[in-house]
Amino acid sequence: MPLQFNPVKIFAGTGTKELASKIAEEYGKPLGNVTLSKFSDGEFQPSFDESVRGCDVFLVQSTYQPSDNLMELLLMVDAARRASAHYITAVVPYYGLARQDRKDKPRVAIGAKLVANLLKAAGIHRIMTMDLHAAQIQGFFDIPVDHLDASVIFVPYIKSLGLENLTIASPDMGGSYRARTFAKFFNAEVIICDKRRLRANEIEAMSIIGDVTGQDIVLIDDICDTAGTLAKAAALIMENGARSVRAVCTHPVLSGKAYETIENSALEELIVTDTIPLKQESPKIKQLSTAKLFAKAIASVNEYGSISELFKV
């Protein structure tokens with residue numbers, strides 16, 4: 001007897017509506033309708049405008065700031081569960097608070113674990129996300145986690161540039177594993193920028209481990225927040241004789257003066273995805289879409305297919 005697949009319905013939170021629309025289009029289904037009722041004091045209540053009973057429901061929402069994005073997702077999950085959805089998957093392209101993945105000093109919260117607990121308590125059966133700040137965050141969940149890799153989007157673009165002397169770089173020691181994994185696609189060397197922070201978002205000093213002379217450098221990172229680290233690394237790389245430098249970052253948080261910092265930096269371009277919508281356009285920022293990858297992952301989940309096939313470049 002052939003497998004019977006449950007009907008799929010894809011809904012978007014207000015923070016990730018444009019990406020969700022593209023995902024639904026790639027999947028071949030219209031985006032479901034959600035109404036967000038707002039009260040004068042700022043309280044809000046999402047409600048589905050169609051039945052989800054017996055459906056595989058995919059709720060697309062990145063949990064970047066403001067924290068309303070996370071609260072909206074939690075309320076949508078609760079509403080879907082109470083409306084008898086068969087299977088609820090939270091599609092969280094950017095998993096907020098992921099930088100709070102451990103106690104790096106006394107008396108601090110582990111925000112990434114707290115978010116995992118909240119999502120599970122709300123009623124999700126599965127979470128789908130991309131390029132977690134630390135892959136170990138998957139272990140904070142006792143449910144299936146589909147951790148998609150943006151390298152399958154970035155690698156073809158980097159190859160299309162035809163860089164002659166490509167070298168991959170990590171902007172800090174913590175990202176060295178990510179850089180080495182990326183470098184394998186090109187059989188390229190890896191250099192590391194060793195930074196020391198004075199405090200959050202403020203760098204005290206930076207040095208380069210490796211030779212960049214005459215090389216076309218591609219910096220690899222998962223999050224671009226203020227862009228201070230990337231700008232400082234790019235300047236140092238060029239001062240040490242590199243031919244060109246550009247950066248690849250999955251999640252364009254881009255807070256504070258990030259756009260100004262990028263445009264005034266030595267970077268030729270910053271290549272990002274659409275896990276977080278851009279606040280403004282910039283001639284130095286190139287945005288690639290994750291919609292097709294998420295649509296394929298949704299199809300694989302619904303049809304009990306292999307997710308690992310989506311990691312092939």
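Residues numbered from 1 in each chain as written. Predicted model: local features only at pLDDT ≥ 70, side-chain atom pairs only at ≥ 80, totals over all residues. Heavy atoms only, no water.

Enquirer: Which residues make up helix α5 (residues 176–183), and what values do they have?
Expert: Of the positions making up α5, those classed as buried are Ser 176, Ala 179, Phe 182 and Ala 183. Along the axis of α5, the buried positions cluster into a sector of 125 degrees, meaning they face one direction only. (Buried < 20%, exposed > 50% of the residue type's maximum accessible area, 1.4 Å probe, protein only. Helix = DSSP H or I, 4+ residues; strand = E, 2+ residues; numbered from the N terminus. Arc of directions from axis to C-beta.)

Enquirer: Pulling in residues and values, what's your account of the nonpolar core?
Expert: Core analysis: the largest hydrophobic core is formed by 41 residues, its most contacted members being Ile 23, Met 128, Leu 148, Ile 158, Ile 168 and Phe 182. Per element, the largest residue contribution to this core is 7 residues, and it comes from helix α8 (residues 291–302). Each residue touching Ile 158, except ones within four places of it in the same chain, is listed here: Leu 166, Phe 182, Phe 186, Val 218, Val 248 and Ile 271. Core analysis: the next-biggest nonpolar cluster, separate from the first, contains 31 residues, Val 52, Leu 74, Met 76 and Tyr 95 among them. (Core = buried A, V, L, I, M, F, W, Y, C linked by side-chain atoms within 4.5 Å. Contact = heavy atoms within 4.5 Å.)

Enquirer: Can you explain the sheet that holds strand β1 (residues 8–12)? Please cite residues and give values.
Expert: Strand order in this open sheet of 5 strands is β1-β4-β5-β6-β7, and the pairing throughout is parallel. Only two strands of the sheet have a single neighbouring strand rather than two, namely β1 and β7 (145–148). When strand polarity is set aside, the average angle formed by the axes of neighbouring strands in this sheet is 15 degrees. Of the pairings in the sheet, the one linking β1 to strand β4 (residues 56–60) comprises 5 bridges and is parallel in character. Looking at the pairing, Ala 12 lines up with Val 60 of β4. On top of the sheet, helix α2 (residues 68–82) reaches β1, β4 and β5 (87–92); it is set at about 165 degrees to β5, its chief contact. (Pairing = 2+ DSSP bridges. Axes fitted to C-alpha atoms, helices over the stretch in contact; angles between N-to-C directions.)

Enquirer: Lay out the packing of helix α1 (residues 17–27) against α8 in plain terms, naming residues and giving numbers.
Expert: The N-to-C vectors of α1 and α8 enclose an angle of 60 degrees; their axes lie 8 Å apart at closest approach. When the interaxial angle is binned, α1 and α8 end up oblique. Between α1 and α8 the crossing geometry is right-handed. On the side of α1, the interface is formed by Leu 19, Lys 22, Ile 23, Glu 26 and Tyr 27, while α8 contributes Ala 291, Lys 292, Phe 294, Ala 295, Ile 298, Ala 299 and Asn 302. Residues belonging to the contact of α1 with α8 are distributed by class as follows: 8 nonpolar, 1 polar and 3 charged. (Parallel < 35°, antiparallel > 145°, perpendicular 65-115°, else oblique. Left-handed = near helix turned anticlockwise from the far one by under 90°. Nonpolar A, V, L, I, M, F, W, Y, C, P; charged D, E, K, R; others polar.)

Enquirer: Requested: an account of the pairing of strand β8 (residues 166–170), with residues and values cited.
Expert: Burial within β8 is extensive, with 5 of its 5 residues counted as buried. Of the two faces of β8, the one lined by Leu 166, Ile 168 and Ser 170 and the one lined by Thr 167 and Ala 169 are each fully buried. By the bridge criterion, 4 bridges tie β8 to strand β11 (residues 216–224) in an arrangement that is parallel. Along β11, the bridge assignment pairs Leu 166 with Asp 216.

Enquirer: How would you sum up the pattern of salt bridges? Please name residues and give values.
Expert: Counted by the stated rule, this structure contains 13 salt bridges. Between Lys 9 and Glu 50 there is a salt bridge; the shortest N-O distance is 3.4 Å. Here Lys 9, found in strand β1, pairs with Glu 50, found in the loop between β3 (44–48) and β4; they are 41 residues apart in sequence, far enough to count as distant. With relative accessibility at 22%, the residue Lys 9 sits in the partly exposed group. For the salt bridge of Asp 101 with Arg 102, the shortest nitrogen-to-oxygen distance reads 2.7 Å. On the accessibility criterion, Asp 101 (16% relative accessible area) is buried. Taken together, the shared-partner salt bridges in this structure form one network comprising Asp 78, Arg 81 and Arg 82. (Salt bridge = Lys/Arg side-chain N within 4 Å of Asp/Glu carboxyl O.)

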